[in-house]
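Read off the chains here:
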Amino acid sequence: TPQLARALARLSQLEMLAGMPSAEARAGEAIAVARRVGDVHAELNARANLVVTRGNRGVPPDMTEMRCVIARAIATGDALEAYRCLVNSLWTAQAFLPHARLAPEIETLREIMGPLPGVEGLDVYFAMSYALLVDIPSGRWDRLEPLLVRREELLSVEPYGARILSRDLVGSQRPSFGPAR
């Protein structure tokens, strides 16, 4: 049933977030059930979970798969899953890809999403994650200015550990280097 497909997909997501070894098999099971009953949402959720779960085991993420998940989520009107996949792609890929390759990969995903309005604070969470994982390590401090102007909004975002990230981001300052000696 579709209810079983969604329950399995959500369980695979919880197991993935907890780093449980069962997450990979559960995601595969969720994908199979979702395809059998035609539940696109459950399938997309489980497919993204599978990529992240494998990343947690040390397998580089399949960015082609993540592009497909986002494109299908957009095509079916599933903005929440598109954003969730975007955020998970960033967090998983940053552990494997050099910054020179990470930024273009994530930009490609953002282009697929288009001008999608934010959902459940995931747009803000993504912006903070991108700043912390890509912009700051790359020394692109100028890209932080638009976020830092939104200081109060960042500090008020509830979901997904965003408060921890927002405090890191708001506390970040451009380094001040003295003259070379």
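Look up a bit, the structure's there.
So, how was this worked out
Residues numbered from 1 in each chain as written. Predicted model: local features only at pLDDT ≥ 70, side-chain atom pairs only at ≥ 80, totals over all residues. Heavy atoms only, no water. Patch = residues over 30% accessible without salt bridge, like charges linked within 9 Å, V, L, I, M, F, W, Y side chains within 5 Å. Areas by Shrake-Rupley, 256 points an atom, 1.4 Å probe, with all protein chains shown as cover. Salt bridge = Lys/Arg side-chain N within 4 Å of Asp/Glu carboxyl O. Helix = DSSP H or I, 4+ residues; strand = E, 2+ residues; numbered from the N terminus. Axes fitted to C-alpha atoms, helices over the stretch in contact; angles between N-to-C directions. Parallel < 35°, antiparallel > 145°, perpendicular 65-115°, else oblique. Left-handed = near helix turned anticlockwise from the far one by under 90°. Contact = heavy atoms within 4.5 Å. Nonpolar A, V, L, I, M, F, W, Y, C, P; charged D, E, K, R; others polar. Buried < 20%, exposed > 50% of the residue type's maximum accessible area, 1.4 Å probe, protein only. Expected span 1.5 Å × (residues − 1). Arc of directions from axis to C-beta. Polar contact = N/O pair within 3.5 Å; in protein donor to acceptor, adjacent residues only side chain to side chain.

Caption draft 1: Inspection of a nonpolar patch on the surface at higher detail. A cluster of nonpolar side chains, namely Leu11, Leu14 and Leu17, defines an oily patch on the protein surface of about 290 Å² accessible area. The residue Leu11 is located in helix H1 (residues 2-18) in this model.

Caption draft 2: Focus on the packing of helix H2 (residues 23-37) against helix H3 (residues 40-56). As a packed pair, H2 and H3 sit with axes 8 Å apart at the nearest point and diverge in direction by 160°. As far as their axial angle goes, H3 and H2 are roughly antiparallel. Of the two elements, H2 crosses H3, and the hand of that crossing is left-handed. Here Ala23, Glu24, Ala27, Ala30, Ile31, Ala34 and Arg35 of H2 come into contact with H3, specifically with Ala42, Glu43, Ala46, Arg47, Asn49, Leu50, Thr53 and Arg54. Considered class by class, the residues forming the contact of H2 with H3 number 8 nonpolar, 2 polar and 5 charged.

Caption draft 3: Here's a closer look at the side chain of Ser89. Secondary-structure assignment places Ser89 in helix H5 (residues 79-93). Apart from the residues within four sequence positions on either side, Ser89 is in contact with Met63, Met66, Ile106 and Leu109.

Caption draft 4: Spatial organisation of the pattern of salt bridges. Counted under the stated rule, the structure contains 14 salt bridges. Salt-bridge contacts for Glu29 lead to Arg26; the nearest nitrogen and oxygen are separated by 3.7 Å. Remark: Arg26 and Glu29 occur in helix H2; sequence separation between them is 3 residues, near one turn of the helix. What makes Glu29 partly exposed here is its relative accessible area of 38%. According to the relative accessible area criterion, Arg26 is partly exposed, its value standing at 23%. Ionic pairing is found between Arg140 and Asp135, a salt bridge with its closest N-O pair at 2.8 Å. Ionic contacts of the salt-bridge type, sharing partners, join the residues Arg35, Glu43, Arg47 and Glu65 into one network.

Caption draft 5: Broad picture of helix H4 (residues 63-75). Taking 1.5 Å per residue as the helical rise, H4 with its 13 residues ought to reach 18 Å, and the 18 Å between its terminal C-alpha atoms agrees with that figure. Met63, Glu65, Met66, Val69, Ile70 and Ala73 are the residues of H4 that are buried. An end-on view of H4 places all buried positions within 155° of arc, on one side of the element. In this structure, the buried side of H4 is in contact with H3, H5 and helix H6 (99-113). Its side-chain oxygen placed 3.1 Å from the backbone nitrogen of Thr64, Asp62 serves as the N-cap of H4. Once H4 finishes, Gly77 follows within two positions and takes phi at roughly 75°, a positive value.

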